[in-house]
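Architecture and fold: a report
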Amino acid sequence: MSKTKIPALPGDVTWTEDQWKAIWAKDQDILVAAAAGSGKTAVLVNRIIQKVISEEDPIDVDELLVVTFTNASAAEMRHRVSEALEKAINDNPHSQHLRKQLSLINRASISTLHSFCLEVIRKYYYLTDIDPGFRIADSTEIQLLRDEVMEELFEEQYGQSDNEEFFNLVDAFTSDRNDDALQNIVRSLHDFSQSNPNPDRWLDGAASMYELADDDGIDDLSFIDSLKFDIGLQLDTARDLLERSLAVIKTPGGRLQGLRTI
Ligand SMILES: Nc1ncnc2c1ncn2[C@@H]1O[C@H](COP(=O)(O)OP(=O)(O)OP(=O)(O)O)[C@@H](O)[C@H]1O
Ligand SMILES: [Mg+2]
């Protein structure tokens, strides 16, 4: 599996064979998947420590990029690497290299992926067209901004004469009173598109499903089969309810009972 030679598993450690392999695997991508609490973080911490204390090719901890999903696991990671470093210093108290690592650990890149990206953008904002004073909005702020943009967009569309396509859309999806229903559809489309790797492409693809040639009929829509299936299910349910209502009504006193259940 590994392209490099793995040292023999010392007798005084409790690592399993697989953990030991994961600690030493080099020059390849590795994916460690194991049950909760089975030692994934321990393996990762040890991988880091082995690279730092390596005799042939020692590295500094701030040369590594360690990213996690949550702030809590980033803090846990930094803490566990510090602990492991202290232990290594205990085993080897005269090592200048190891002492230096303890001072470097605080500025080592051990963080969530989001804060790492934020740091990169802050540092190199001048290479992008992002305002250097930018900050991350919280989720309520994002919702409010989005609603504001949607209001403006709808206003703009309503204000345009000769905008038949938009008015058809409004007629098809809204009640007489307001256009909340249509706005909700736009919101869920936006939410769903954001979970795609390329939201704009996904939205274009979704819109293009409605493009039909002049001589195409409704059966040429690419999603017609699943739409028919869905309508079929709804009709089945409706028929089932009707049949049950009919059975209730036919029993003695059924009409009254039927009324009560309504
Ligand atoms: N082979 C082993 N022998 C003895 N103890 C071990 C072994 N592997 C891991 N441990 C210990 O098990 C405990 C849990 O390990 P660790 O936190 O690394 O698990 P994890 O897989 O990262 O857990 P989680 O899924 O919660 O993140 C730690 O105290 C670790 O030192
Ligand atoms: Mg863990």
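Nothing here was measured: the structure is a model prediction, and the numbers come from that model.

Here the focus is the pattern of salt bridges. Taken as a whole and assessed by the stated rule, the structure comprises 10 salt bridges. Its salt-bridge partner being Arg-135, residue Glu-141 comes within 2.7 Å of it at the nearest N-O pair. For Arg-135, a relative accessible area of 57% puts it in the exposed group. For Arg-146, the salt bridge is made with Asp-191, and the minimal N-O distance between the two is 2.8 Å. With Arg-146 in helix α6 (residues 139-159) and Asp-191 in helix α8 (residues 180-194), this pair connects stretches of sequence that are 45 residues apart. A relative accessible area of 17% means that Arg-146 is categorised as buried.

The next point concerns the site of ligand 1. The local shell around ligand 1 holds 13 residues, among which Thr-14, Gln-19, Lys-40, Thr-41 and Ala-42 are the closest. Ser-38 places a main-chain nitrogen or oxygen 3.3 Å from an oxygen atom of ligand 1. Between an oxygen atom of ligand 1 and a side-chain N or O atom of Thr-41, the distance comes to 2.7 Å. Ranked by residue count, the leading element in the shell around ligand 1 is helix α2 (residues 40-53), at three residues. A per-class count over the shell around ligand 1 returns four nonpolar, seven polar and two charged.

So, about unusual backbone geometry. Look at Asp-27: it is not a glycine, yet its phi comes out positive at around 55°. On the secondary structure map, Asp-27 appears in the loop between α1 (17-24) and α2.

This next bit is on the packing of aromatic side chains. All chains considered together, the criterion is met by 10 aromatic pairs. Between Tyr-158 and Phe-166, the ring centres sit 5.2 Å apart and the planes meet at 75°, which makes this aromatic pair edge-to-face. Residue Phe-166 is classed as buried on the basis of its relative accessible area of 10%. The positively charged end of Arg-122 is found above the aromatic ring belonging to Phe-134, 4.8 Å away from the centroid.

Before going further, it helps to spend a moment on the domain arrangement of the protein chain. Along its sequence, the protein chain is carved into domain 1 (17-127), domain 2 (139-208) and domain 3 (218-261). Taken over C-alpha atoms, the centre of domain 2 sits 32 Å from the centre of domain 3.

This part takes up the nonpolar core. Counting 18 residues, the largest nonpolar core has Ile-48, Val-52, Val-61, Val-81 and Leu-85 as the members making the most contacts within it. Residue assignment for this core shows that the elements contributing at least two residues are α2, α3 (71-91) and α4 (96-104). Considering every element that reaches this core, the biggest residue donor is α3, with five residues. If near-sequence neighbours (up to four positions away) are discounted, Val-81 is found in contact with Val-45, Ile-48, Ile-49, Val-61 and Ile-105.

What follows deals with a negative patch on the surface. Taken together, the side chains of Glu-55, Glu-56, Asp-57 and Glu-63 define an acidic patch exposed on the protein surface. Topologically, Glu-63 is positioned in the loop between α2 and β1 (65-68).

Here the focus is the packing of α3 against α4. Their axes nearest at 10 Å, the elements α3 and α4 cross at an angle of 160°. Between α3 and α4, the crossing angle belongs to the class labelled roughly antiparallel. The interaxial crossing formed by α3 with α4 has left-handed handedness. Taking contact as the criterion, the partners of Ser-82, Leu-85, Glu-86, Ala-88 and Ile-89 in α3 are, on α4, Leu-98, Arg-99, Gln-101 and Leu-102. Across the contact of α3 with α4, the residue classes tally to five nonpolar, two polar and two charged.

With that out of the way, let us pick up the pairing of β1. Here β1 shows a clear split, with Val-66 and Thr-68 buried on one side and none of Leu-65 and Val-67 buried on the other. Sheet analysis places β1 next to strand β2 (residues 109-112), joined by four bridges and oriented parallel. The residue of β2 that forms the bridge with Thr-68 is Thr-112.

Turning to a nonpolar patch on the surface, a few remarks are in order. A cluster of nonpolar residues, Val-120, Tyr-124, Tyr-125, Tyr-126 and Leu-127, forms a patch on the protein surface that exposes about 510 Å² of accessible area. When you line up the elements, Tyr-124 lands in the loop between α5 (113-123) and α6.

Within the span of α1, buried status applies to Gln-19, Trp-20, Ala-22 and Ile-23. All buried residues of α1 fall inside an arc of 165° around its axis, so they share one side. Away from its buried face, by an angle of more than 90 degrees, α1 presents the exposed residues Glu-17 and Asp-18. Along its buried surface, α1 packs onto α2.

Conventions used here
Residues numbered from 1 in each chain as written. Chains lettered and ligands numbered in written order. Predicted model: local features only at pLDDT ≥ 70, side-chain atom pairs only at ≥ 80, totals over all residues. Heavy atoms only, no water. Salt bridge = Lys/Arg side-chain N within 4 Å of Asp/Glu carboxyl O. Buried < 20%, exposed > 50% of the residue type's maximum accessible area, 1.4 Å probe, protein only. Helix = DSSP H or I, 4+ residues; strand = E, 2+ residues; numbered from the N terminus. Near = heavy atom within 4 Å. Polar contact = N/O pair within 3.5 Å; in protein donor to acceptor, adjacent residues only side chain to side chain. Nonpolar A, V, L, I, M, F, W, Y, C, P; charged D, E, K, R; others polar. Phe/Tyr/Trp six-rings, centres within 6.5 Å; stacked < 30°, edge-to-face > 60°. Lys NZ or Arg CZ within 6 Å of the ring centre and 35° of its normal. Domains from an automatic or database assignment. Core = buried A, V, L, I, M, F, W, Y, C linked by side-chain atoms within 4.5 Å. Contact = heavy atoms within 4.5 Å. Patch = residues over 30% accessible without salt bridge, like charges linked within 9 Å, V, L, I, M, F, W, Y side chains within 5 Å. Areas by Shrake-Rupley, 256 points an atom, 1.4 Å probe, with all protein chains shown as cover. Lys, Arg positive; Asp, Glu negative; His and termini not counted. Charge placed at Lys NZ, Arg CZ, Asp CG, Glu CD. Axes fitted to C-alpha atoms, helices over the stretch in contact; angles between N-to-C directions. Parallel < 35°, antiparallel > 145°, perpendicular 65-115°, else oblique. Left-handed = near helix turned anticlockwise from the far one by under 90°. Pairing = 2+ DSSP bridges. Arc of directions from axis to C-beta.

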